[in-house]
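Survey of secondary and tertiary structure
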Amino acid sequence: NYVNFAFNYNKNRNFNEVLAAANSLRNASQNKGAYIKGLRGSSLNGGFDIALSNNGEYIGYDNAESNHTSRNFSQSDYLLWNAFIPTPDPYEIEPDEYRYNDADGYAFTREQKGYIGEYDFNVSGNHQNQIFWGITIGIKDVHYDHISQYTEYLNLAMGGYAGNLLTTDERTITGTGWNIKGGVIIRPIDESPFRFGFSISTPTWYELTSSNFTRIYNNTPGIGMYDTGKSNESIKYKMFTPWKFGASLGHTFGQDLALGVSYDYSDYGAIDNRIITDEYYDSWDNTYSAHSESDNHMNANTKKSLKGVHTLKVGFESKLTPEFAVRAGYNYVSPMYSKDGVRSTCLNTDG
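Residues numbered from 1 in each chain as written. Predicted model: local features only at pLDDT ≥ 70, side-chain atom pairs only at ≥ 80, totals over all residues. Heavy atoms only, no water.

**Considerations on the overall build of the protein chain**
For the protein chain, the count of helices and strands is three helices and 18 strands. Taking 2.2 N^0.38 as the reference for a compact globule, 351 residues should give roughly 20 Å; the C-alpha atoms of the protein chain span a radius of gyration of 27 Å, well beyond that estimate. The dimensions of the protein chain, computed from C-alpha atoms along their principal axes, are 95 × 55 × 30 Å. Buried residues in the protein chain amount to 36% of all 351 residues. A separation threshold of at least 6 residues defines the contact pool for the protein chain, and within that pool the share at least 24 residues apart is 66%. Of the roughly 21,300 Å² of accessible surface on the protein chain, a fraction of 54% belongs to carbon and sulfur atoms. Taking the average place of the 29 positive charges on the side chains of the protein chain and the average place of its 40 negative ones, the gap between the two points comes to 8 Å. (Helix = DSSP H or I, 4+ residues; strand = E, 2+ residues; numbered from the N terminus. Rg over C-alpha atoms; globule rule 2.2 N^0.38 Å. Buried < 20%, exposed > 50% of the residue type's maximum accessible area, 1.4 Å probe, protein only. Contact = heavy atoms within 4.5 Å. Areas by Shrake-Rupley, 256 points an atom, 1.4 Å probe, with all protein chains shown as cover. Lys, Arg positive; Asp, Glu negative; His and termini not counted. Charge placed at Lys NZ, Arg CZ, Asp CG, Glu CD.)

Following this line, the structure appears as structure tokens:
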């Protein structure tokens, strides 16, 4: 019988990446999407009611009678509706008309860096060499940064090249999370090395802050209100990852051959994105708390786009000589993404 205490640090996610992509758009465009959302007229219809605010800016409201900005009115929509979609008459101060332009191609580059570090505090034990158990508390540290440029090459309505729209985005995501993992391995027969085990991991309860600074550059001759526009935002939110369950079997034959099988399951469609509804700081005991509620619109889209993941591992080790062993194994992970999943931009949600 014994009890062990352990500490471990693991960088379990590395975001470092440079990406470059380009392709055709076949008459799709971001400004076309923003224009259509404005035509829908309300948040309930997956869009917004576009109108001038007291500051002279175009804002997408919940509906024609509301003074509340629609959650469907994204930063991209704000930039496009204020810098590009309204086109002024050369003899009038007010815009003459609203228009969109199709695009026939895009170019996208992104440089990102960062990591998720996990600090694990573990206690484990052994009871008479038949029951082996362990519990781990993990604390996660999130750091993510990216700089991106996205260009769409626009067409004129009567044909021909209209110029391009360039959007640049600088974004950081920081925060913390924590989880609990537990497991047990049981050797039921004292004279046999056969063993089986079970494990469970709670969700990782993340609290995150996403901050960004975004600019749009209107590189078209005479289309739109302005040549540039800018927007910045900082949003706090929570995200709870799914539960994870595991089972395993293992057996040793004599002194030369060991076999093992393990299976894990986690339903990524059950990820819970949460909106922070209230924050509270108690100066008396120096504690902070944030109440939240599930973002039902975002979670419905997640459930449609992601699904349960099955992980199966099979392996063996064979000692060819007392000093030399050979290992081999197979690992299967089922797809996380549904084939008909899509990242919808018409959800009435900050997500």
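**Points about unusual backbone geometry**
For Gln128, which is not a glycine, the phi torsion comes out positive at approximately 55°. Inspection of the secondary structure assignment puts Gln128 in the loop between β7 (103–127) and β8 (131–155). The residue Asn129 is not glycine, and still its phi comes out positive at about 55°. Note on placement: Asn129 falls in the loop between β7 and β8.

**Some remarks on the side chain of Ser192**
Here Ser192 shows up in the loop between β9 (161–186) and β10 (195–201). Leave out the neighbours within four places in its chain, and Ser192 touches Arg187 and His251.

**Quick word on the side chain of Arg187**
If you trace the backbone, Arg187 turns up in the loop between β9 and β10. Among the polar contacts made by the side chain of Arg187, one reaches the main-chain carbonyl oxygen of Ser192 at a distance of 3.2 Å. When residues no more than four places from it in sequence are discounted, the contact partners of Arg187 are Asn129, Gln130, Ser192, Pro193, Phe194 and Arg195. (Polar contact = N/O pair within 3.5 Å; in protein donor to acceptor, adjacent residues only side chain to side chain.)

All quantities given are derived from atomic positions and should not be read as evidence of function.
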